[in-house]
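A structural walkthrough
Single-letter residue listing:
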Amino acid sequence: MILVNALTYLPVVAVLQRLDVSALHSPERAPRGPGAVREGLRYVRRRPDLMLVLAVVFFAGTFGLNFSITSALMVTEVYGKDSAAYGIVGSAVAVGSLSGALLAASRTTVRLRLVVGAALVFGTTVILSGLLPTYWTYVVFAPIVGLTALTMITAANARMQIATDAPLRGRVMALYMMIFMGGTPLGAPVIGWIGSEYGARWTLVVGGGATVLGVLLSLAVLGHLRGAWGRVLTPLRRAGSLGPRVWDDQAVQRAVNTSDTPDRGGEPARGRSGGAGRRTTTHHRRARQSVGH
């Protein structure tokens, strides 16, 4: 199996060798110096949208993504099956993960509401998986858990990279990986204690519930800073019916382009009152502030 796993990397290596390096747009490297890490932290602190993504992956990674371990307890203790039955569950989760990867590859944009929505759905599916009555219902439901988990992970990863300025992207992603991967050792003892005291079902119910509650709490706190509720809950209302859609990169860019459109003389267009230029500058500044810059 180890040899087969190693051989699967050969197509990836072949594709990387055929890449046209001249078509890549690499930004200039940020200069190294003292205070670089603090600069990255200050940058993230000024960006509530990035802080929301970090909070989402923290709660999901700390409490929700332990389902791969607790599934073994579900199969053996709750359903009374053997290791072969657990292998079937792992394969079912892999099917859902593969579907999530294919969907991620076909996605052209990653919005903040996708990250939050995927995390909420993922936490809900983990809760439901802990309540399923039979082994085969657990197997049938496992691909949905894998799909939502990978959708949340890929969306959060892509959003952090796309929404971060190029010179600071490395530092921001290092912070992202530290929070995402570092949360699991914190949550694993808690989930393990719950499993030993109350049973395997409660590991999934509590883990999924903590994920959902943590995401909602993060949305309430950080969303209040920049009005994120309107962006994340857009599917519950008509687009554009409640004013500007903040944290929407394309909407902000359209607003900026509209406000910066010059007239034929190269000066900003002015209205009849002659004061539209000042209003245009203010609109431009507010549009940029809406994405946390």
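Details of the structure are given in the entry above.
Okay, so let's go over this structure. Per chain, residue numbering runs from 1 following the sequence as it is written. For this predicted model, a pLDDT threshold of at least 70 governs which residues receive local features, and a threshold of 80 or more governs which side-chain atom pairs are given and counted, while totals over whole chains, interfaces and linings are taken from all residues. For the side-chain quantities, the full set of heavy atoms in the structure was used; hydrogens and water were omitted.

**Observations concerning empty space enclosed by the protein**
For clarity, the threshold we go by: Grid points spaced at 1 Å over the protein atoms alone were grouped into cavities, where a 1.4 Å probe fits but cannot get out, and pockets, open sets with protein on both sides within 12 Å along at least five of seven lines, with lining residues defined by an atom within 4 Å of a point. Grid points are joined across faces, edges and corners, and a volume is the space filled by probe spheres set on the points. Polar here means any residue other than Ala, Val, Leu, Ile, Met, Phe, Trp, Tyr, Cys and Pro, which are nonpolar, and Asp, Glu, Lys and Arg, which are charged; Gly is therefore polar.
Going through the model one piece at a time under the given rule, you end up with 1 cavity of 30 Å³ or more. Of the voids in this model, the largest cavity is the one considered here, and its volume is about 70 Å³. Lining the largest cavity are F67, S71, V89, V93, S129, Y138, F141, A142, V145 and L204. Among the residues making up the lining of the largest cavity, the classes are represented as 8 nonpolar, 2 polar and no charged.

**So, the packing of helix α8 (residues 135-162) against helix α9 (residues 169-198)**
The axes of two packed helices give the description: the angle between them and the distance between them. For the record, the criterion: The axes are straight lines fitted to the C-alpha atoms, using for helices just the contacting stretch, and the angles between their N-to-C directions are given from 0 to 180°. The numbering of helices and of strands both runs from the N terminus, where a helix is a DSSP run of H or I of at least 4 residues and a strand a run of E of at least 2. Between 65 and 115 degrees an angle is taken as roughly perpendicular, under 35 as roughly parallel, over 145 as roughly antiparallel, and anywhere else as oblique. Left-handed is the label given to a crossing in which the near helix is rotated counterclockwise from the far helix by less than a right angle, and right-handed is the label when the rotation is clockwise. Contact between two residues is taken to exist if any of their heavy atoms lie within 4.5 Å; hydrogens are not considered.
Following both chains from N to C, one finds α8 and α9 inclined at 155°, their axes separated by 9 Å at the closest point. As far as their axial angle goes, α9 and α8 are roughly antiparallel. Between α8 and α9 lies a crossing whose hand is right-handed. Contacts between α8 and α9 involve I153, A156, N157, M160 and Q161 on the former and, on the latter, R169, V172, M173, Y176 and F180.

**Some words on the packing of aromatic side chains**
Operational definition: Put simply, two rings from Phe, Tyr or Trp (the six-membered ring, in Trp's case) pair if the centres are within 6.5 Å, and we call them stacked under 30 degrees between planes, edge-to-face over 60, tilted for the rest. Note on classification: 1.4 Å probe, protein chains only; a residue is buried when its accessible area is under 20% of the maximum for its type, exposed when over 50%, partly exposed between these limits.
Scanning all chains against the criterion turns up 7 aromatic pairs. Here Y79 and Y138 contribute two aromatic rings whose centre-to-centre distance is 5.7 Å and whose plane-to-plane angle is 55°, an arrangement assigned as tilted. With Y79 in the loop between α5 (67-78) and α6 (83-106) and Y138 in helix α8, this residue pair connects regions lying 59 residues apart in the sequence. The same class applies to Y79 as to Y138, namely buried. Both rings, one in Y176 and one in F180, keep their centres 6.0 Å apart while their planes meet at 15°; by these two values the pair is stacked. Of the two residues, Y176 and F180 are both situated in helix α9; the distance of 4 residues between them amounts to about one turn of the helix. Among the residues examined, Y176 registers a relative accessible area of 1% and is labelled buried. Cluster of aromatic residues (ring-pair linked, three or more members): Y79, Y135, W136 and Y138.

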